[in-house]
Structure formats: structure tokens, C-alpha cells
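Below, each chain spelled out in residue letters.
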Amino acid sequence: MGALDWLKGGNDRQAAASGYAGRESASDAANRKQRAKAQKQRAKDIAKAAHAGQAWEDNDRRRFRA
């Protein structure tokens, strides 16, 4: 009768705990991917702002030297 034990029910939590132990949930995986994407975008934005600031400073120096 072991093959039909799932029909009785009542052990859903136990089955889920043993069947999915050590696996990442779909929502956790999606959140992790979203955080990684945001972190990459932030790094790009920081570099872009630094280059824009450097360009502004270079133009400012050229203006004062002329």
C-alpha cells in the first residue's frame, strides 16, 4: 500500500521538506537574479557618472586655460 500513501494526504509538509530539501525556491532565484542585475546596472551608472564628471572637469580646465 506504500504506492498509494499519497492518497491519504496529511503529510504534505513532510513530503515538501524532504522532496525539496536544499533546493532554491523560484521566488528566491528570481530575487537573486534581480539583485544581480540591479548591482550590474548600478556599477555601469557609477562608471558613467564618473566619466561625465571627468569630462566636465576637463572642459572646465580647458576653458580657464584659454
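Every value quoted in this text rests on a predicted model; they were computed, and no experiment measured them. (Residues numbered from 1 in each chain as written. Predicted model: local features only at pLDDT ≥ 70, side-chain atom pairs only at ≥ 80, totals over all residues. Heavy atoms only, no water.)

Student: Would you mind going over the overall build of the protein chain with me for this structure?
Tutor: Helix and strand counts for the protein chain stand at two helices and zero strands. Seen along its three principal axes, the alpha-carbon backbone of the protein chain occupies a region of about 95 × 15 × 15 Å. When each of the 66 residues of the protein chain is scored for burial, the buried share is 3%. In the form shown here, the protein chain has an accessible surface area of approximately 6500 Å², with 54% of it arising from carbon and sulfur atoms. Of the charged side chains in the protein chain, 15 are positive and 8 negative, and the gap between their average positions amounts to 4 Å. (Helix = DSSP H or I, 4+ residues; strand = E, 2+ residues; numbered from the N terminus. Buried < 20%, exposed > 50% of the residue type's maximum accessible area, 1.4 Å probe, protein only. Areas by Shrake-Rupley, 256 points an atom, 1.4 Å probe, with all protein chains shown as cover. Lys, Arg positive; Asp, Glu negative; His and termini not counted. Charge placed at Lys NZ, Arg CZ, Asp CG, Glu CD.)

Student: Honestly, the pattern of salt bridges in this entry has me stumped. Any pointers?
Tutor: Oppositely charged side chains may form a pair once their charged atoms are brought near each other. Summed over all chains, the structure comprises three salt bridges. With a shortest N-O distance of 3.0 Å, Arg32 and Glu24 are connected by a salt bridge. Its relative accessible area of 38% is what places Arg32 among the partly exposed residues. Put simply, Arg63 and Asp60 hold a salt bridge, and the shortest N to O gap is 3.6 Å. Highlighted residues: Arg63 and Asp60, both in helix 2 (residues 26-65), separated by three residues, approximately one helical turn. Overall, the relative accessible area of 19% leaves Asp60 in the buried class. (Salt bridge = Lys/Arg side-chain N within 4 Å of Asp/Glu carboxyl O.)

Student: I keep staring at the environment of Lys48 and nothing clicks. Help me out?
Tutor: The residue Lys48 is located in helix 2 in this model. For the pair Lys48 and Gly10, spaced 38 residues apart in the sequence, the C-alpha separation amounts to 56 Å.

Student: Before we go on, may I ask you to explain the environment of Ala43 in this structure?
Tutor: As for its placement among the helices and strands, Ala43 is situated in helix 2. Relative accessible area serves as the criterion here: at 46%, Ala43 is assigned to the partly exposed category.

Student: I tried to follow the environment of His51 on my own but got confused; where do I start?
Tutor: By secondary structure assignment, the location of His51 is in helix 2. With relative accessibility at 59%, the residue His51 sits in the exposed group.

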